[in-house]
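Residues per chain, in single letters:
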Amino acid sequence: MKFGKTLAERTLKEWKFYYVDYKQLKQTLKKAAADDVSNEQLQASFDKILETSQDKLSKFYYDKENWAVNYFVTLQERVESLRASAPAEPGSPSSLSSSSDAEVVTTSSPTGIADDLQFRLEKLSKTDAAGEAAQLKEAYRQMGASKHFQDYIYAKKSLVTFKREVDLLLEFLEINTTAFSKILKKFDKQTGSSIREERLAQIMQNNPFLKREKLLEMKETVEDLIEEVNSYKPRLPPGWENRKVYTIGCFDLFHRGHQNVLVSLREFGAYIVAGIHDDESYYQLKKKYTIDNLETRMKNVKPYVDQIYVIPSTDPLLYIKSMVSDQDIANGSCCYARGDDMLNFPGREWVEAHMPVHFVPRTEGCSSTLIRTIYHADSAEIREKAAFAKTRYDGKPIDENGNVLKFQA
């Protein structure tokens, strides 16, 4: 496979703006050959594009590195919170001598919640199905509300997402280093020169981050933290993993932030049901048209969920009510989960009254709004300004004072 095709296939959509402009460099070589341009003129044009590519690459990387270093402090704080909330000695059924003892274990230890539930279920008559369902439903709510479980979810999801960002950056640097090498080889072949090794060494010297040493060190540290966090996983009540998990979104310009949230929903159950707003309700909600139509958005989401339904209204309440069965609500075998960028989501009052609600941290510095502006704004100046703007927690571009930049896309 030709490298140009390999690069296109491995290019992350959200970062497309920052890769080495391999296509333009290659076109410059072809045009020079067709127009019989001198080697001196070709090198001047070639070097200009090469320098611009290095500049974009460098700005992007150091912005990402600065974010990673700062966010790593948040990751460490979340792990420390998890350590602090972990039970010193998990509760056990045999240790529960009274209802008051059970209450102490239940409120302090997620492991105790599961153990206490098993203890109580064993005392129930097999014919007391309603009592069992009520006990189970309450255990699910207690587990979801426990500080240790919430600390675990936030620590694990944040670390796994961060590791994915580091892996993507490592791949990004690797493919760009290869692009520099490949295009310099083409330049040598066309001009009859032999500057490739010298120029590549110069590029590596001017951009030491291409060696990836800092990122590899950071990845190793994060992997150790993930292993530690997994050791703190609470013992979940019976049937937790088999629940249905409901979520709702628009999912326009589907990106890794959407992927990360949908993948993390498996922490709450086995069967994911996603509601997607249709094109008209999207416009009514956001006062702008989708970039991806409903069919495209459904195709993007489906690999990460088990079932999809369409919401043709700005108010999703009627539609989620129609999707959730009374039996699942009665048995406690369903829950709702989403990213924490919208805590007061439409319909929350009804949803929370009928099932547990869980939140997961969103992927920082990643948003459909930013991607829309970088790649779909009419003005090239606006696209470039958005591409190198700082971003806040929800991924929206901000100025030096933290104010959201208003780009009209």
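Please read these numbers as outputs of a predicted model, since none were measured by experiment.

### Considering the confidence of the model for the protein chain
Of all residues in the protein chain, 88% attain a pLDDT of 70 or more, and the chain-wide mean is 87. In this model residues 90-108 is a low-confidence stretch, pLDDT under 50, and it forms 21 contacts with partners more than four residues away in sequence or in other chains. Segment residues 119-127: pLDDT under 50, and nine contacts once partners within four positions in sequence are set aside and those in other chains are kept.

### What to know about a positive patch on the surface
Residues K2, K30, K182, K185, K186 and K189 make up a contiguous surface patch of positive charge. The residue K186 is located in helix α7 (residues 147-191) in this model.

### Thoughts on the pairing of strand β1 (residues 244-249)
Along β1, five of the six residues are buried, which leaves the element largely enclosed by surrounding structure. With helix α10 (residues 256-264) bridging β1 and its parallel neighbour strand β2 (residues 271-277), the resulting β-α-β unit is right-handed.

### Regarding helix α16 (residues 368-376)
Of all nine residues that make up α16, seven are buried, and the element is covered over most of its length. Those residues of α16 that sit buried are S368, L370, I371, R372, T373, I374 and Y375. Tucked into the core, α16 has its buried residues touching α10, α11 (279-286), α17 (380-387), β6 (390-391) and β7 (397-398).

### Details of the packing of helix α2 (residues 22-34) against α7
One can describe the packing of α2 onto α7 by two numbers: an axis separation of 10 Å at closest approach and a directional angle of 5°. Of the possible angle classes, the one that applies to α2 and α7 is roughly parallel. For the pair formed by α2 and α7, the contact residues are Y22, L25, K26, L29, K30, A32 and A33 on the first element and A179, K182, I183, K186, F187 and Q190 on the second.

### Looking at helix α9 (residues 213-231)
Between its first and last C-alpha, α9 extends 28 Å over 19 residues, near the 27 Å set by a 1.5 Å rise per residue. Buried within α9 are the following residues: L215, M218, V222, L225, I226 and V229. The arc that holds the buried residues of α9, viewed along the axis, is 105°, so those residues lie on one side. Turned more than 90 degrees away from the buried face of α9 sit E213, E217, E220, E227 and S231, all of them exposed. Where α9 is buried, its residues contact α3 (39-85) and α7.

### Comments concerning the side chain of R78
You can see R78 is positioned in helix α3. Apart from the residues within four sequence positions on either side, R78 is in contact with Y71, Y154, A155, S158 and P361.

### Observations regarding the sheet that holds β2
Spatially, the five strands line up as an open sheet ordered β3-β2-β1-β4-β5, and their pairing is parallel. Each of the sheet's edge strands pairs with one partner strand only, and the pair in question is β3 (307-311) and β5 (357-360). For this sheet, the mean inter-axis angle between neighbouring strands, taken without regard to orientation, is 25°. Alignment of β1 against β2, held across six bridges, turns out to be parallel. When the bridges of β2 are listed, T247 appears paired with A274. Where helix α12 (residues 294-301) meets the sheet, its contacts fall on β2 and β3, and the angle it forms with β2 comes to roughly 160°.

### Points about a negative patch on the surface
Together, E217, E220, E223, D224 and E227 line one region of the surface with negative charge. In this fold, E223 is placed in helix α9. Take E223: its relative accessible area is 34%, and that puts it in the partly exposed class.

### A look at the side chain of T247
Examined against the element boundaries, T247 turns out to sit in strand β1. Residue classification places T247 among the buried positions, given a relative accessible area of 3%. Side-chain polar atoms of T247 contact the backbone oxygen of A337, separated by 2.8 Å. Non-local contacts of T247, meaning those with residues more than four positions away in its chain, are made with L262, L265, V273, A274, G275, Y336, A337 and R338.

### Topic: the pairing of β5
Along β5, one buried face is formed by V357 and F359 and the opposite face, lined by H358 and V360, is buried too. The pairing of strand β4 (residues 334-339) with β5 spans four bridges and is parallel. The partner of Y336 across the bridge, within β5, is V357. Read as a crossover between parallel neighbours, the route from β4 over helix α15 (residues 348-354) to β5 is right-handed.

### A few points about the packing of α16 against α17
Contact geometry for α16 and α17: axes closest at 7 Å, N-to-C directions at 140°. Classified by the angle their axes make, α16 and α17 are oblique. Like other packed secondary-structure pairs, α16 and α17 cross with a definite hand, here left-handed. The segment α16 lies against α17, with L370, T373, I374, Y375 and H376 engaging I382, R383, A386 and A387. Of the residues in the contact of α16 with α17, the class split is six nonpolar, two polar and one charged.

### Description of the environment of K385
With respect to the helices, strands and loops of the structure, K385 is situated in helix α17. A C-alpha to C-alpha distance of 8.2 Å links K385 and I374, two positions 11 residues apart in sequence.

Rules and cut-offs
Residues numbered from 1 in each chain as written. Predicted model: local features only at pLDDT ≥ 70, side-chain atom pairs only at ≥ 80, totals over all residues. Heavy atoms only, no water. pLDDT = per-residue confidence, 0-100. Contact = heavy atoms within 4.5 Å. Patch = residues over 30% accessible without salt bridge, like charges linked within 9 Å, V, L, I, M, F, W, Y side chains within 5 Å. Areas by Shrake-Rupley, 256 points an atom, 1.4 Å probe, with all protein chains shown as cover. Salt bridge = Lys/Arg side-chain N within 4 Å of Asp/Glu carboxyl O. Lys, Arg positive; Asp, Glu negative; His and termini not counted. Charge placed at Lys NZ, Arg CZ, Asp CG, Glu CD. Helix = DSSP H or I, 4+ residues; strand = E, 2+ residues; numbered from the N terminus. Buried < 20%, exposed > 50% of the residue type's maximum accessible area, 1.4 Å probe, protein only. Right-handed = clockwise from strand over helix to strand, strands pointing away. Axes fitted to C-alpha atoms, helices over the stretch in contact; angles between N-to-C directions. Parallel < 35°, antiparallel > 145°, perpendicular 65-115°, else oblique. Expected span 1.5 Å × (residues − 1). Arc of directions from axis to C-beta. Pairing = 2+ DSSP bridges. Polar contact = N/O pair within 3.5 Å; in protein donor to acceptor, adjacent residues only side chain to side chain. Left-handed = near helix turned anticlockwise from the far one by under 90°. Nonpolar A, V, L, I, M, F, W, Y, C, P; charged D, E, K, R; others polar.

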